[in-house]
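Fold and contact review
Chain by chain, the residues run as shown.
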Amino acid sequence: MSLWRSIYASGKLRGLMKTELYHREPYAVEFSAKVTEAGDDWIVLDQTLFYPGGGGQEHDKGSINGIKVKEVLKENSRIVHKVPGHMLREGDVVKGEISWKRRYELMKGHTGEHMLFSSLKRFNEELELVKISISEDKKYLIVKGDVDWDMALKAQEQILGWIADDLEITEQIVSKEDPLLDEIRIKRERISDNEIRVIKIGDVDASACSGIHVKSTSEVEFLIISRINSARPEGDWEIEFMTGNAAKKEAAERSAQFMKLVLLTGAQKGNVVSTVENLKISKEQADAALKQYMDSSLKSIQSVEIGGVPAYIGSFPELDKKMCADYVNEAVKEKCVCIIGSGSGRYSLTIACSPDIQIDCAKILNEVLAEDGGRGGGKPNFASGGASGGCGASKAVERATKILQMYLTKNE
Ligand SMILES: [Zn+2]
């Protein structure tokens, strides 16, 4: 007989605890109970399997006498079932049924959350638990303190070990003054009851919790950390995780992605990470070299005079958009016009001038691009756009130069 059972049998439990059938029989799906209070759209029962929510775990769903239970909540030490449309009266005997599949998912998730925090704390003793949220769609905890993926993956590995070890999960009810509480995870300020439920997972974790848990870690089946996001206030982290079937599915998807990566990189299974790291370094080096090349190419443009205005005209096989914009913006600080093209098949074109030159760059740009079925946009003194195919960048630059020549000579 577990300790809480012995306490219950000895009659020490207060009224509310007798009604908490979900704690006494966490695996029961159906129950009978007597209505002790009945309001317009709510009832209170002498015992219930409907968990009213708490400890981050959502309240149960299901039906009473076939009527859908909309909400369950603890109010003034009573468990109130919102059952709109009921015709029940005090003294009526009812049959209730909880949505078991959902509840069992929440029990697995809740047990997984205990293991997750306990394991994370082993890798960072400073970690504090801020919030727990266990619902069907999303399971997460918010912690204060440093967390990274390296640490999270180590925790995940440890938890999978605990699941494989099939650790027993036990419950004890102790008084608020029990010295045992000094050795476990507890937020005393959040507890108003005199009796406190202590949940132990093998000898790896013990914490105070009002939620409902599975009786063995193997029932959690699998646990995967799916996301780590920074949370508010700064320094907090939201750690999202999955348990049960959802976790297995996620693991299978990740494994498929990994195998695609093996094929794509041509690396051995054990070398994928170092291969990708090397590719990343090569890419960075290539980007830096290209940037240097583009920079010197732009700097090598010699100005020519068109209608008395200096013009910087050039066409390049490859040019970074931002570098091109930076170059042009810098150039037009002095009186000049710029016509810069880039790309071969698909090309882009930028036309810009200093504010003291009265031409419409956007108009010239669209005149050029229209011939190749392309489009562009911008303002009278800065416009850019592109076309796929057509004559290519160097021809487009030539055409733009001719049109510009026409406008500038006309203005003279
Ligand atoms: Zn719990």
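Before any of the text, the structure's been laid out above.
In short, a report on the structure.

What counts and what doesn't
- Residues numbered from 1 in each chain as written.
- Predicted model: local features only at pLDDT ≥ 70, side-chain atom pairs only at ≥ 80, totals over all residues.
- Helix = DSSP H or I, 4+ residues; strand = E, 2+ residues; numbered from the N terminus.
- Contact = placed C-beta atoms within 7 Å.
- Axes fitted to C-alpha atoms, helices over the stretch in contact; angles between N-to-C directions.
- Parallel < 35°, antiparallel > 145°, perpendicular 65-115°, else oblique.
- Left-handed = near helix turned anticlockwise from the far one by under 90°.
- Nonpolar A, V, L, I, M, F, W, Y, C, P; charged D, E, K, R; others polar.
- Pairing = 2+ DSSP bridges.

Relative to the elements of secondary structure, Cys324 occurs in helix α8 (residues 321-331). C-alpha separation for the pair Cys324 and Leu298, spaced 26 residues apart in sequence, amounts to 8.1 Å. Setting aside residues up to four positions removed in sequence, Cys324 forms contacts with Leu319, Ile340, Ser342 and Thr350.

The axes of two packed helices give the description: the angle between them and the distance between them. Look at helix α4 (residues 100-123) against helix α5 (residues 149-164): their axes get within 9 Å of each other, and the N-to-C directions meet at 130 degrees. What the angle tells us is that α4 and α5 run oblique. Considering the relative orientation of α4 and α5, their crossing is right-handed. Residues Met115, Leu116, Ser119, Leu120 and Phe123 of α4 touch α5, and the partners they reach there are Met151, Lys154, Ala155, Gln158, Ile159 and Trp162. Residues belonging to the contact of α4 with α5 are distributed by class as follows: eight nonpolar, two polar and one charged.

With that out of the way, let us pick up the sheet that holds strand β18 (residues 346-353). The strand order across the open sheet built from six strands is β15-β16-β17-β18-β20-β19, with neighbouring strands paired in mixed fashion. Two strands in the sheet have a free side with no partner beyond their single neighbour: β15 (304-306) and β19 (375-379). Each adjacent strand pair in this sheet contributes to an overall mean axis angle of 20 degrees, direction not counted. In the sheet, β18 pairs with strand β20 (residues 382-388) via seven bridges, with the strands oriented antiparallel. Counted as the bridge partner of Ser348 is Gly386 from β20. Across the sheet, α8 lies against β16 (309-316), β17 (337-342) and β18, angled at about 170 degrees from β17, the strand it touches most.

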